[in-house]
Every structure is written in C-alpha cells, then in structure tokens.
Amino acid sequence: MADKAQNEGRRRQRAGLIGSALSFGLLIGLAAAQPASAADCPGNPDAIGTSRTIVVDPRQHPRIGTMQYPETLPLRDHEVVLSFDDGPLPRNSDKILAILASQCVKANFFLIGEMARTYPEGVRKLVDAGHTIGTHTQTHPLTMNRMPIERAEAEIDDGIASVKAALGPDADKSLAPFFRIPGLERATAVENYLASKGIQIWSADFPADDWRHISSQRVYDLAIQRIEAKGKGILLLHDIQARTVAALPRILATLKEKGYHIVHVVPATPDRPATPTEPQEWQLRPPSETVAVRRWPEVPNFFFANAEAFAAPAWSDFAGSSGGLVPRAEPFDRPGRRALARDRWAVVPPLSAQGVANTLPIPAEAVFQIPELPHPTPETVALLAPPEPRPATSAGEAIFRRGKAEHSRGKQAAKARKPGHAASTTSGRGA
Ligand SMILES: [Zn+2]
C-alpha cells in the first residue's frame, strides 16, 4: 500500500515536471504568435516541433483516413499527424508524453473508457500537455462491425462518459468530437450514429503495426516506409506499447531529417472556426491527377463548321406528338423511355413521293381495304380499335431487365472482391 502511494507520488511529481515544461513551451509558442517549431523548442535545437495546427469541423468531414475512406485530413505534402490509441497506460503513455514534450510535438490521442476510469490522471496529463483527445469506445471490442447497434452506441457513449468523468468540470471543452473504431472494424450503422452526434471518425493513412509482436526496429521501418509511400497523412500508433516508446524518437528524428512536418489537429468550436480549405485538399491526391475527364481536350468548333455531310435537323424532328420538345429522359427511366419511343414513332417525317418511288414499290390498294360489314360485331370492333399500349414485358424490356440484373450482380461480386470493403476484412489493423 505504502509502495503504491509512493509510486503514485513519484508519478504525480513526474507529471508536474512535464506539465510545467509544457506550460513554458506553450508560453514561448504564444509569445512567438506561431506554433512551436524546432527553433523554439526549449533545450532541444534538434526537435522536429509542431509546424502548424489545423482546425477541422467534424460535421463537414465526418470520416477521414484513406485506409478506409475517400477523404483524409487537409495536409500538405510532407505533413504528418501523429495519433495514439488505447491509452492511457501510465507505464508507457508517460514515456510517450515525455518524448513528445522533448520534441515539442502535439499529437491526437484516442482513449479507451475503461483505461480512463482506471487512470484518470493519465487523461488529465494529456490535456495539460496540450494534446487533443478523442475516444475509442469503453471496452475496445473488435466486433463493432457485427454487434447490435444498441450495443455499439453504448460502447461509444460509455467511452465518452468515462473520459469526461476523468476530465472533470472542463470535460466539454477538453474532449474533441473525434473517434476511432477499435480495429477499424467499421459498419455503416456505427458511422451513421457517430455522424448524427457530430463526431468525426478517424481511420488512418498508415499504421506501423505496433500492436503486433514485432521489434521496435520493424515498427520504425514500417512507419517510415509507409509515410514515404503516401507522402503525407495520419500515422496510427499505440502509446501503451513499449515497442512504440522505443521506436518513436527515431521515427521523429528521421521524419525531421527527411523534411517532414508534424501537424496538430483540433476541432472547430463557436470561437474557433475551421481552417479554410478547398474540397480537394481533403483527398490524398488532388483530383486533377487522378480524374482524366476534366483534362480531355475539347473538340474544336471548326470541325463542325466545315462539315457539310449532314443537314441540320429541323426543330420538328425533336418535337413530340403534342408539339412540345421531348424531355431528355435518363436512360434507365422506364416511363420516360416509353414516352420517348412513342413520340419518335409519331414524328417520322413524311417521305416525298419521288423518294418512295425510287426505293419501294407502291403497295396495292387492296392492302388497305377493310371488309365492310353491315353491323359492327365484337370482332370488327377489336380489329378497328387502336392497339393496346406496349406491354411492359416486351422483348426489349426483358433484355434491359436482364442487363440491369447482371450489372447489379456484377457490382455485388466486385464489392465482395474489393479488399477492405467488407468490414470483416479489416481485422488485424489493430487500432
Ligand atoms: Zn485500439
């Protein structure tokens, strides 16, 4: 018991030291009216520092991280955001905090509710050090993709409540509406629930596999290789892992050496508007590099100006039987398609007598004769009545339906094949 109290005392002392060092760093940063950079990191001229802080609005961008989503943070080339999951666990989280403090780096943390209940002082240390904290469920289940939504909601809500309890009266101000799904086991219902609460889901752009039983050297290698492959993004780490503690100083040193910058992310509030961005900045690669359509050269007008082969069609060619223009129906809009077919049939322009003579023999008059009967009978009424409208299941319709069914089957098969689409394929990402 005495030992425990002593340990606790030492821990508080350490936290106090880190806290004051950070407050000092914060003051320096504020005095310079710029985020901390290597030059103003006290006692460490080699620090990588935090190059800038971006403010994001979760409601405008509810899901980020290219491991799973189309959007990621609006980072510039060679900018990296550090994110740490699963803490706080004082044994290792305190060491991560000390490394970050010595490098004047601010990071984003995703805390587990049960850990926050067990180590509430660990939560407060993170906030006092100026890091951003989000949540990561109450018990870290790796089944968020297949549990009943009520249970998933409870995991999310309880996790938030636990971290808030650790934070005390300032909870609402200190807890960011940022969330990471354990194991990145996403599900649409979970995503919808979080979006409805204005909480941003953070996937990641690159993990370093630091939850696996690998060496810290391997964690370092994977982090650097994967960051280099994408050039910018969110790095997923775990502050509870000893191998991460061992790898982090080298990761930061190498990033600095290679010209990378660390970016800190905070949520928008009524007094802190989101950093202005363009939509394409939320994509890892700007759309102009991947979407070819916008770059097709336009067909020059002179091509048509000199063409004499076809006469310009008359307005009447486009007119429906009612005289109005036929609306351009969507190709798969069935009622529209039928109307289009009828109207086109009705406006075939009459051929000139000369044209007919040149191509087809004039039909005999007998072809048009209808036997005259003294009294109409049900049979003659049927014969003279206009034809029934085309049944919906004509041959063309059947082909269309078959094609559509095959298309949708193909899409389903493609979905099933696509890696990472099904939530069940994400296991092992270890968020
Ligand atoms: Zn996790």
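Residues numbered from 1 in each chain as written. Predicted model: local features only at pLDDT ≥ 70, side-chain atom pairs only at ≥ 80, totals over all residues. Heavy atoms only, no water.

1. Some remarks on helix α4 (residues 120–128)
Inclusion rule: Summary of the burial criterion: residues with accessible area below 20% of their type's maximum are buried, those above 50% are exposed, and those between are partly exposed, where the area comes from a 1.4 Å probe applied to protein chains only. What counts as a helix is a DSSP run of H or I of at least four residues, what counts as a strand is a run of E of at least two, and both are numbered from the N terminus.
Every buried residue belonging to α4 is among E121, G122, V123, K125 and L126, and all of these are buried. Positioned one or two residues after α4, G130 has a phi angle of 90°, which is positive.

2. Side note on the confidence of the model for the protein chain
In regions of low pLDDT, the predicted coordinates are not meant to be interpreted in detail. Keep this limit in mind: Every residue is assigned a pLDDT by the predictor, reflecting its confidence on a scale from 0 to 100. When checking whether two residues touch, look at their non-hydrogen atoms; a contact exists if any pair is within 4.5 Å.
Across the protein chain, the average pLDDT comes to 76, with 58% of residues at 70 or higher. A low-confidence stretch, residues 388–404 (pLDDT under 50), is modelled with 14 contacts involving residues beyond four sequence positions or located in other chains.

3. Section: helix α5 (residues 149–167)
Since there are 3.6 residues in each turn of an α-helix, residues three or four apart along the chain are aligned in direction. Definition in use: Expected span, for any helix, means 1.5 Å times one less than how many residues it has. The directions from the helix axis to the C-beta atoms are what the arc is built from.
With 19 residues, α5 should cover 27 Å at 1.5 Å per step; its first-to-last C-alpha distance of 27 Å lies within 8% of that length. Buried within α5 are the following residues: A152, E155, I156, G159, I160, S162, V163, A166 and L167. The buried residues of α5 all sit within an arc of 160° when viewed along its axis, so they share a single face.

4. Let's talk about the pattern of salt bridges
Rules: The salt bridge criterion pairs a side-chain nitrogen of Lys or Arg with a carboxyl oxygen of Asp or Glu, the two atoms within 4 Å.
Tallying each qualifying case throughout the model produces 10 salt bridges. Between R52 and E79 there is a salt bridge, with the nearest N and O atoms lying 2.8 Å from each other. Residue R52 is located in strand β1 (residues 52–56), and its partner E79 is located in strand β3 (residues 79–85); the two are separated by 27 residues in the primary sequence. Among the ionic pairs, D209 bridges to R212, the shortest N-O distance being 2.6 Å. A residue is classified by how much of its surface remains accessible, and D209, at 7% relative accessible area, is buried. Taking relative accessible area as the criterion, R212 reaches 38% and is therefore assigned partly exposed. When salt bridges with common partners are traced through the structure, they connect R52, R76 and E79 into a single cluster.

5. Thoughts on the pairing of strand β5 (residues 132–135)
Our working rule: Paired strands are those between which DSSP finds at least two bridges.
Here β5 shows no split at all, with T132 and G134 on one side and I133 and T135 on the other all buried. Of the pairings in the sheet, the one linking strand β4 (residues 108–111) to β5 comprises four bridges and is parallel in character. Within the sheet, the bridge partner assigned to F109 lies in β5 and is I133. Here β5 runs beside strand β6 (residues 175–179); their pairing, made up of two bridges, is parallel. Opposite T135, over in β6, you have F179 as the bridge partner.

6. Thoughts on the nonpolar core
Put simply, the rule is: In this text, buried Ala, Val, Leu, Ile, Met, Phe, Trp, Tyr and Cys residues form a nonpolar core when linked through side-chain atoms within 4.5 Å.
By size, the foremost hydrophobic cluster in this structure holds 55 residues, and its most contacted members are L82, F84, L100, F109, I133 and L235. Setting aside residues no more than four positions away along its own chain, L100 makes contact with L82, F84, V105, A107, F109, H131 and L248. With 14 residues, the next largest nonpolar core counts I64, I234, V265 and W282 among its residues.

7. Structural notes on the packing of helix α2 (residues 90–102) against helix α9 (residues 242–257)
The cut-off we apply is this: Between N-to-C directions, angles span 0 to 180 degrees; the directions come from axes that are lines fitted to C-alpha atoms, helices contributing only their stretch in contact. The scheme is simple: roughly parallel for angles under 35 degrees, roughly antiparallel for over 145, roughly perpendicular for 65 to 115, oblique for anything else. Gly is put with the polar residues, along with every residue not named as nonpolar or charged; the nonpolar set is Ala, Val, Leu, Ile, Met, Phe, Trp, Tyr, Cys and Pro, and the charged set is Asp, Glu, Lys and Arg.
Their axes nearest at 9 Å, the elements α2 and α9 cross at an angle of 10°. For the element pair α2 / α9, the angle class is roughly parallel. Along its contact with α2, which presents N92, K95, I96, I99 and L100, the element α9 presents A242, T244, V245, L248, P249 and L252. Per-class residue counts for the contact of α2 with α9 are eight nonpolar, two polar and one charged.

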